[in-house]
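Observations on the three-dimensional arrangement
Residues per chain, in single letters:
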Amino acid sequence: MNSPVLTQIGTVFIPVSNIEQARDWYCDILGLQANGEIQFGHIYVIPMNGTGIVLDSKIFSEENIVKTPLFHFNTENIEEAYQFMKKKKVDLITGIEHYHYFNFRDPDGNHLMICKC
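Let us look at the structure shown here.

With that settled, consider helix α1 (residues 19-30). Its twelve residues give α1 an end-to-end C-alpha distance of 16 Å, which sits within 8% of 16 Å, the value for a rise of 1.5 Å per residue. Where α1 begins, the side chain of Asn-18 points an oxygen toward the backbone nitrogen of Glu-20, at a separation of 3.1 Å. Following α1 by one or two positions, Gly-31 adopts a phi angle in the positive range, close to 70°.

A side chain of one charge can pair with a side chain of the opposite charge if their charged atoms are brought near each other. A full pass over the atoms with the stated rule returns three salt bridges. Its salt-bridge partner being Asp-24, residue Arg-23 comes within 3.0 Å of it at the nearest N-O pair. Asp-24 sits in the partly exposed class, given a relative accessible area of 38%. A salt bridge links Asp-91 to Arg-105; the shortest N-O distance between them is 3.0 Å. Linking Asp-91 in strand β5 (residues 91-92) with Arg-105 in strand β6 (residues 101-105), this pair joins segments that are 14 residues apart in sequence. Relative accessible area serves as the criterion here: at 38%, Asp-91 is assigned to the partly exposed category.

Calculation notes
Residues numbered from 1 in each chain as written. Predicted model: local features only at pLDDT ≥ 70, side-chain atom pairs only at ≥ 80, totals over all residues. Heavy atoms only, no water. Helix = DSSP H or I, 4+ residues; strand = E, 2+ residues; numbered from the N terminus. Expected span 1.5 Å × (residues − 1). Polar contact = N/O pair within 3.5 Å; in protein donor to acceptor, adjacent residues only side chain to side chain. Salt bridge = Lys/Arg side-chain N within 4 Å of Asp/Glu carboxyl O. Buried < 20%, exposed > 50% of the residue type's maximum accessible area, 1.4 Å probe, protein only.

In structure tokens, the structure reads:
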């Protein structure tokens, strides 16, 4: 069956309370320069390979905080990624599970995941 809807994810929106602080935090854990433009006063597009991530402070509210990871960041070395996040004092929710993933929270409480793929 043909569909005009592609089997691709373009971007994921993450609600954040403070766009500047969120930009700095996400860029820090991803090893990126936090020098991109904040658009319209509330949006920051993280430069990613593949599916994009958009931080958006306009959509933030307590009820919009993501309580289950909707995606995962990839890593080639789960142990190294875990120690890196621990050293950065990231709020780790789990230890390394089944030798290939762990969950953590961003400063707003959004649940995220890193997975060895």
